[in-house]
Amino acid sequence: MRHNLAPFPATRLRRTRRSASIRALCQENTLSVNDLIWPMFVVEGSGERQPVTSMPGVERRSVDLIVQAAREAADLGIPAICIFPYTDPALKTDCCREAWSADNLSNRAIAAVKDAVPEVAVMTDIALDPYNAQGHDGIVKDGVILNDETVDALVKMALAQANAGADILGPSDMMDGRIGAMRAALEAEGHKDVSILSYSAKYASSFYGPFRDAVGASGALKGDKKTYQMNPANSDEAMRLVERDLVEGADMVMVKPGLPYLDICRRVKVEFGVPTFAYQVSGEYAMIMAAADNGWIDGDAVMLESLMAFRRAGCDGVLTYFAPQVARALND
Ligand SMILES: NCc1[nH]cc(CCC(=O)O)c1CC(=O)O
């Protein structure tokens, strides 16, 4: 872009900022409810709500209340929700078989939402951590995370979610070869219209701490996820991962976490021009809420500013725990 500005005073850049109406005319980016995916946590029971201590305002909800939240999403105009299960520790095993059980908690929630509020798109999470006694996203043997055995398990998990009625599958595991394997299995099993939103550039981040509390995975996890999630120091590698996932059949891609990785969001959008999403993760949410609860920042204003930043960086949409608050603020 060239910037051949006439010298002052012919150019006074404040002219386009002088009133609300002129600022509105010159605004380059917008944030709308259409840009939101609302992540939520499901727990066993009925009428059950459990606050997540490290994420003020976020609760685990039983399936009936997930359905109620999906209705709220529809009323607010939020196009999609994303379901994460809090799994009973007794169901966690080394082989992770609960992950692909047709009537596991997550699949029951997917089916219930699709039955009651079919117009809301349901996204899922595909990774073994909620079902793994070892807390890892993949199957662990002798301290090593096994790639190909994990992909076989993830394919079964993907099919179970598609059978339950999921619209968008979200592989968040970072194994190699999983997108191609899932896409082939979906085609073979008649799920040709199910979307894959791949967590393509997912970093080994410390911003996921509160999420691991929310799904009850922090206790089980031994070690870290650095042999599969990305090194936060890398950027070119993210482009290779995105390209690989697109070639294997992903429809949309994600960068995660969000705000600390806006440069990656920008590169993905500019280099590939595909539907690009960011995940404003639990730690990002917790930081904003903690400062707001202390009266140190204006929480609502910072929430909206942080989400506009994703749009400015080129994201088509954002997974954010703020989704209902944002929708309410935008609908006001
Ligand atoms: N693989 C599971 C998964 N899916 C989404 C998140 C994090 C989301 C958040 O922090 O809000 C994680 C945690 C992890 O990788 O340890």
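Cut-offs used in this document
- Residues numbered from 1 in each chain as written.
- Predicted model: local features only at pLDDT ≥ 70, side-chain atom pairs only at ≥ 80, totals over all residues.
- Heavy atoms only, no water.
- Salt bridge = Lys/Arg side-chain N within 4 Å of Asp/Glu carboxyl O.
- Helix = DSSP H or I, 4+ residues; strand = E, 2+ residues; numbered from the N terminus.
- Buried < 20%, exposed > 50% of the residue type's maximum accessible area, 1.4 Å probe, protein only.
- Pairing = 2+ DSSP bridges.
- Right-handed = clockwise from strand over helix to strand, strands pointing away.
- Near = heavy atom within 4 Å.
- Polar contact = N/O pair within 3.5 Å; in protein donor to acceptor, adjacent residues only side chain to side chain.
- Areas by Shrake-Rupley, 256 points an atom, 1.4 Å probe, with all protein chains shown as cover.
- Nonpolar A, V, L, I, M, F, W, Y, C, P; charged D, E, K, R; others polar.
- Arc of directions from axis to C-beta.
- Contact = heavy atoms within 4.5 Å.

**Student:** If you had to explain the pattern of salt bridges to someone new, which residues and values would you point to?
**Tutor:** Tallied over the entire structure, the rule returns 16 salt bridges. One salt bridge in this structure joins glutamate 44 and arginine 108, with 2.7 Å as the shortest N-O distance. Of the two residues, glutamate 44 is situated in the loop between strand S1 (36-42) and strand S2 (49-51) and arginine 108 in helix H3 (residues 105-116); the sequence distance between them amounts to 64 residues. Take glutamate 44: its relative accessible area is 39%, and that puts it in the partly exposed class. Its salt-bridge partner being lysine 269, residue aspartate 316 comes within 2.8 Å of it at the nearest N-O pair. Taken together, the residues aspartate 316 in the loop between helix H10 (299-313) and strand S12 (317-320) and lysine 269 in helix H8 (residues 262-272) connect sequence positions 47 residues apart. You can call aspartate 316 partly exposed: its relative accessible area is 29%. Classification of lysine 269 as partly exposed rests on a relative accessible area of 23%. One salt-bridge network, held together by shared partners, links Asp173, Asp176, Arg178, Arg244 and Asp245.

**Student:** Could you give an account of the pairing of strand S10 (residues 252-256), with specific residues and numbers?
**Tutor:** With five of its five residues buried, S10 lies for the most part within the structure. Pairing of strand S9 (residues 195-202) with S10 involves four bridges; the strand directions are parallel. Paired with serine 198 across the bridge in S10 is valine 253. Looking at chain direction, S10 and strand S11 (residues 276-280) are connected through three bridges and run parallel. Pairing of valine 255 across the sheet is with alanine 278, part of S11. For the crossover from S10 across H8 to S11, the handedness is right-handed.

**Student:** Describe the site of the ligand, and please don't skip the residues or the numbers.
**Tutor:** Contacts to the ligand come from 17 residues, most closely from Lys202, Arg212, Lys256, Ser282 and Tyr321. One of the side-chain nitrogen or oxygen atoms of aspartate 137 is found 2.9 Å away from a nitrogen atom of the ligand. In this structure, a nitrogen atom belonging to the ligand sits 3.1 Å away from a side-chain N or O atom of serine 172. Burial of the ligand by the protein amounts to 100% of the accessible area it has alone, namely 400 Å². Of the residues belonging to the shell around the ligand, the class tally is seven nonpolar, three polar and seven charged.

**Student:** Outline helix H11 (residues 323-331), listing residues and values.
**Tutor:** Ala323, Pro324, Val326 and Ala327 are the residues of H11 that are buried. Summarising the axial view, the buried residues of H11 lie within an arc of 160°, below the 170-degree limit, and thus occupy one face. Elements in contact with the buried residues of H11: S1, helix H2 (63-76), H10 and S12.

**Student:** I'd love a proper account of the pairing of S12, names of residues and values included.
**Tutor:** The side-chain alternation of S12 yields two buried faces, one formed by Gly317 and Leu319 and the other by Val318 and Thr320. For S1 and S12, the ladder comprises two bridges, and the chain directions are parallel. Its bridge partner lying in S12, isoleucine 37 is registered against leucine 319. Pairing of S11 with S12 involves four bridges; the strand directions are parallel.

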